[in-house]
Amino acid sequence: MTTTPSAEAEPTRPPGQVTTTLIHRAGRRPVPWWHHAVVYQVRGAADIESLAAMSAEISHVARLGATAVEIRVPEADPDEPGVSETVDKLIHRVHQRSLRFIVSLAGLPGDVALERGRSWLDRGVDGLDLGVLDGDAPIDDVRALHALAAEREVVLTAAASAARPEALAEHLHEHWLHVTRDDRLGIAAWDAAELRASISDAYLQRAAVGAPAGWMLTELGADPWGLGADAASRRRRRAATLIMLALPGTVYLHQGEAVGVTPRPDDPAGSIGEVAEVAAEQRGTPGSPFEQYRDALRLRSELRLGTGPLAWIDDAPSPDTLALLTRDLMVLANLGQESVVVPSDREVLHASDELPPPHDDRLLLPPDTTVWLAMG
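About the criteria used
- Residues numbered from 1 in each chain as written.
- Predicted model: local features only at pLDDT ≥ 70, side-chain atom pairs only at ≥ 80, totals over all residues.
- Heavy atoms only, no water.
- Helix = DSSP H or I, 4+ residues; strand = E, 2+ residues; numbered from the N terminus.
- Expected span 1.5 Å × (residues − 1).
- Buried < 20%, exposed > 50% of the residue type's maximum accessible area, 1.4 Å probe, protein only.
- Polar contact = N/O pair within 3.5 Å; in protein donor to acceptor, adjacent residues only side chain to side chain.
- Contact = heavy atoms within 4.5 Å.
- Axes fitted to C-alpha atoms, helices over the stretch in contact; angles between N-to-C directions.
- Parallel < 35°, antiparallel > 145°, perpendicular 65-115°, else oblique.
- Left-handed = near helix turned anticlockwise from the far one by under 90°.
- Nonpolar A, V, L, I, M, F, W, Y, C, P; charged D, E, K, R; others polar.
- Core = buried A, V, L, I, M, F, W, Y, C linked by side-chain atoms within 4.5 Å.
- 1 Å grid on protein atoms, 1.4 Å probe; cavity = no way out; pocket = protein on both sides within 12 Å on 5 of 7 lines; lining within 4 Å.
- Points joined across faces, edges and corners; volume = space filled by probe spheres on them.

**Q** What is the right way to look at helix H4 (residues 110-123) in this model?
**A** Along an α-helix, residues three or four positions apart point the same way, because every turn accommodates 3.6 residues. Between its first and last C-alpha, H4 extends 20 Å over 14 residues, near the 20 Å set by a 1.5 Å rise per residue. All of the buried residues along H4 are Ala113, Arg116, Gly117, Ser119, Trp120 and Leu121. Of the residues trailing H4, Gly124 is marked for its positive phi of about 110°.

**Q** Before we go on, may I ask you to explain the side chain of His350 in this structure?
**A** Looking at the element boundaries, His350 is found in strand S15 (residues 348-351). In terms of polar contacts, His350 uses its side chain to reach the backbone carbonyl oxygen of Gln292, at 3.1 Å. Setting aside anything within four residues of it in sequence, one finds His350 in contact with Leu242, Gln292, Asp295, Ala296, Leu299, Thr370, Val371 and Trp372.

**Q** What is the right way to look at the packing of helix H1 (residues 48-57) against helix H10 (residues 268-282) in this model?
**A** Pairs of packed helices are described in terms of their axes, by the angle between the two and the distance that separates them. In contact at an axis separation of 8 Å, H1 and H10 are set at 15° when each is read in the N-to-C sense. Between H1 and H10, the angle is such that the two are roughly parallel. Like other packed secondary-structure pairs, H1 and H10 cross with a definite hand, here left-handed. Taken together, the residues of H10 that come into contact with H1 (itself represented by Glu49, Ser50, Ala53, Met54 and Glu57) are Pro268, Ala269, Ile272 and Ala276. When its residues are assigned to classes, the contact of H1 with H10 shows 6 nonpolar, 1 polar and 2 charged.

**Q** Mind showing me how you'd approach the environment of Gln337 here?
**A** Among the secondary structure elements, Gln337 is positioned in the loop between strand S13 (329-334) and strand S14 (340-342). Along the chain, Gln337 and Asp368 lie 31 residues apart, while their C-alpha atoms are 7.7 Å from each other.

**Q** Is there a simple way to explain the nonpolar core in this structure?
**A** One broad trend across soluble globular proteins is that nonpolar side chains are buried collectively. Counting residues in each nonpolar core, the largest one holds 83 residues, and the members touching the most others are Met54, Ile71, Phe101, Trp120, Trp215 and Trp372. Ranked by size, the runner-up nonpolar core spans 16 residues in total, among them Ala316, Leu325, Leu363 and Leu373.

**Q** How should the layout of surface pockets be read in this particular structure?
**A** For the second largest pocket, the calculated volume is near 700 Å³. Put simply, the parts of the chain that give the lining of the second largest pocket at least two residues each are strand S2 (16-24), helix H8 (192-207) and helix H11 (289-302). Here the lining of the second largest pocket gets 4 residues from one element, more than from any other, and that element is H8. Looking at the lining of the second largest pocket residue by residue, the class counts come to 14 nonpolar, 11 polar and 7 charged.

Functional significance is not addressed by these values, which are geometric in nature.
In structure tokens form, the structure reads like this:
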């Protein structure tokens with residue numbers, strides 16, 4: 001247990017200390033980029049037109065605040081005449097904007113993935129992603145790719161579902177990937193106690209193998225949170241995103257979610273252009289989805305949240321409030337159906353939705369809303 005000086009959680013409490021439970025320590029040494037990356041995942045299977053479109057529109061990804069871009073390329077052979085020039089231009093433009101480039105080999109047989117991965121690495125990409133690993137993933141194939149990645153000093157990543165905890169544990173202990181993201185934030189109920197337990201378990205599992213956490217909001221199967229197009233779902237999605245972006249580790253953002261556009265799987269090149277166009281329209285407009293995401297990612301970088309410690313606040317404002325401390329930030333997420341009182345003498349750095357103005361020294365946090373408060 002640790003204690004951290006803090007303001008009162010409710011106006012009726014005297015000033016004092018907040019009891020916290022530390023679940024993740026910050027490293028004392030500099031860590032590699034993939035321990036705290038913000039990975040922008042392009043949706044769908046990319047073809048030559050998609051690669052060219054991404055090359056033309058990569059600037060909006062960098063402006064958003066992502067640090068890496070991941071593209072699934074099952075059909076694109078970077079050594080094929082006519083493709084190699086497009087690939088080289090894309091890799092150059094990605095690196096020119098200080099982004100890392102990861103290619104996903106999901107869906108390719110082991111021997112083809114190995115050969116294709118070698119070709120992409122020869123072109124200068126920064127990592128290979130294996131897509132979703134199921135419980136029957138051939139360990140020998142993964143080890144061969146791991147050896148290839150080690151030769152080139154690049155990263156090897158994949159996804160595994162937390163719905164199969166034994167299979168996830170096997171991947172973490174057997175495959176030793178640089179980042180194994182899972183969908184626990186997508187399958188957990190919208191409940192403070194369950195989310196707290198699930199997030200704690202993620203750090204416990206990774207600590208055993210010395211790996212960073214990998215966070216995503218989309219479940220690898222169905223979506224019990226119902227994060228769809230209705231207003232209530234969009235509000236909850238924004239609150240969940242702000243929880244995720246405060247967590248130490250690597251986070252994955254899907255193409256289009258930062259501007260409210262759902263990519264079309266039958267037209268990946270067109271979707272890339274559409275997302276970039278909407279991003280350009282929203283850029284510079286206060287309160288727009290793009291600027292909201294951009295502000296959150298800027299704060300994540302400035303406050304070094306990706307490499308920070310994590311402690312739960314044990315005396316949260318209510319049982320329905322997920323409350324945590326990381327570096328100089330207090331994060332409060334109201335997962336209940338009633339507004340809750342939160343510290344009013346702390347600077348509000350960011351919120352997933354507009355907050356009502358304080359009244360009588362009381363700041364109310366509405367339902368399905370997350371707020372970031374300065375601790376310094």
